[in-house]
Amino acid sequence: MTSPILLTGGTGTLGRLVLRRLQESDRHVRVLSRRPHEPEDGVEYVTGDLATGEGIDEAVTGVGTVVHCAGNAKGDEATTRVLVRAAVAAGARHLVYISVVGADRVPVVSGVDRAMFGYFASKRAAERIVEKSGLPWTTLRATQFHDLALTTVRQLAKLPVIPVPTGVRFQPIDAGDVAARLVELSLGTPSGLVPDMGGPRTYDMAELVRSYLRATNRHRPLLPVRLPGKAAGAMRAGANLAADRAVGHRTWEDFLADRLTSERGHGAVDHERV
Ligand SMILES: NC(=O)c1ccc[n+]([C@@H]2O[C@H](COP(=O)([O-])OP(=O)(O)OC[C@H]3O[C@@H](n4cnc5c(N)ncnc54)[C@H](OP(=O)(O)O)[C@@H]3O)[C@@H](O)[C@H]2O)c1
């Protein structure tokens, strides 16, 4: 019997999709979560917290491959250090990490940079921990998921006037496209830093906001805002884009239409009235 794959973040947006695909490939998966879950077909859950280290030694025991999808908006430097230390001690054979396009190109030098774009520096720091772990590793950088773009425009649409950063473009990608690639990499041999993955098209924030307003039949004035700092400058120069790696299939428009239809089917329409 092959050793189990440990999947961190297997309850999150990306991780759930990775889990489904690993299940389809008949792999035994161990999912780490901070909350207990009932086991499923081919899936065991272990309770642990990468912020405190609790339960992590048990989670890595006997695993061959570790797929690290746990993270949060502040990044995952400290939690990656905890995971890597345990995975090395347990003798894991392949560490797979999901990072973000621009991790190495968005300079975070001032407090302003850190407040707005510290996530990128933290992802780069976590990448370095993976690279220097001594374990065979694979890192994939992806652009922002459609889900994140939707969460962002939804929050902005609650405001009477919507501030939109000028000059910054986004290339949202479907988390399902990223999950498929991550599983392919996880089941393959360690490959180091692999080519970036970006969505099929780029948009400025105003386009993303307008498409959401249109789809939910709302009207709001937009207020262009120029973000200060070096990191914002790098974003305006396209540091977060993978224009030559626009390999994602599902468009933002298709994602948005499908998601809103599905939510309306579940009765979640009230918050979208004008
Ligand atoms: N979202 C994007 O646009 C985007 C783009 C590129 C790369 N990424 C990267 O992709 C990864 C997944 O992102 P996502 O948007 O799918 O995340 P998400 O939906 O917010 O899910 C976060 C996951 O991390 C787990 N987690 C958080 N803190 C933890 C801790 N202290 N200990 C153990 N588990 C913890 C959560 O598990 P429990 O709640 O069950 O404990 C949850 O499964 C992250 O590394 C992110 O940086 C995201």
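The coordinates are above.
Please read all numbers here as calculations on a predicted model, not as lab measurements. (Residues numbered from 1 in each chain as written. Predicted model: local features only at pLDDT ≥ 70, side-chain atom pairs only at ≥ 80, totals over all residues. Heavy atoms only, no water.)

Student: For this particular structure, what's the right way to read the overall build of the protein chain?
Tutor: Within the protein chain, the regular secondary structure consists of nine helices and 11 strands. For 274 residues, the compact-globule estimate of 2.2 N^0.38 gives 19 Å, and the C-alpha radius of gyration of the protein chain, at 19 Å, lies within 12% of that figure. For the protein chain, the spread of C-alpha atoms along the principal axes amounts to about 60 × 45 × 35 Å. Split into buried and exposed, the 274 residues of the protein chain put 50% on the buried side. Considering only intrachain contacts with a sequence separation of at least 6, the fraction spanning at least 24 residues in the protein chain is 78%. Of the roughly 13,000 Å² that the protein chain leaves accessible, carbon and sulfur atoms contribute 53%. Positive and negative charge centroids in the protein chain, built from 35 and 30 side chains respectively, lie 7 Å apart. (Helix = DSSP H or I, 4+ residues; strand = E, 2+ residues; numbered from the N terminus. Rg over C-alpha atoms; globule rule 2.2 N^0.38 Å. Buried < 20%, exposed > 50% of the residue type's maximum accessible area, 1.4 Å probe, protein only. Contact = heavy atoms within 4.5 Å. Areas by Shrake-Rupley, 256 points an atom, 1.4 Å probe, with all protein chains shown as cover. Lys, Arg positive; Asp, Glu negative; His and termini not counted. Charge placed at Lys NZ, Arg CZ, Asp CG, Glu CD.)

Student: Hey, could you run me through the side chain of Arg124 in this one?
Tutor: Following the sequence through the fold, Arg124 ends up in helix α4 (residues 111-131). Residue Arg124 is classed as buried on the basis of its relative accessible area of 16%.

Student: What should I look at first to understand unusual backbone geometry in this one?
Tutor: Most peptide bonds are trans, and most residues other than glycine sit at a negative phi. Positive phi, close to 65°, is recorded for Asp26, a residue that is not glycine. Locating Asp26 in the fold gives a position in the loop between α1 (13-24) and β2 (29-33). Phi angles above zero are rare outside glycine, and Asn217 is one such case at about 55°. Note on placement: Asn217 falls in the loop between α7 (205-215) and β11 (222-225).

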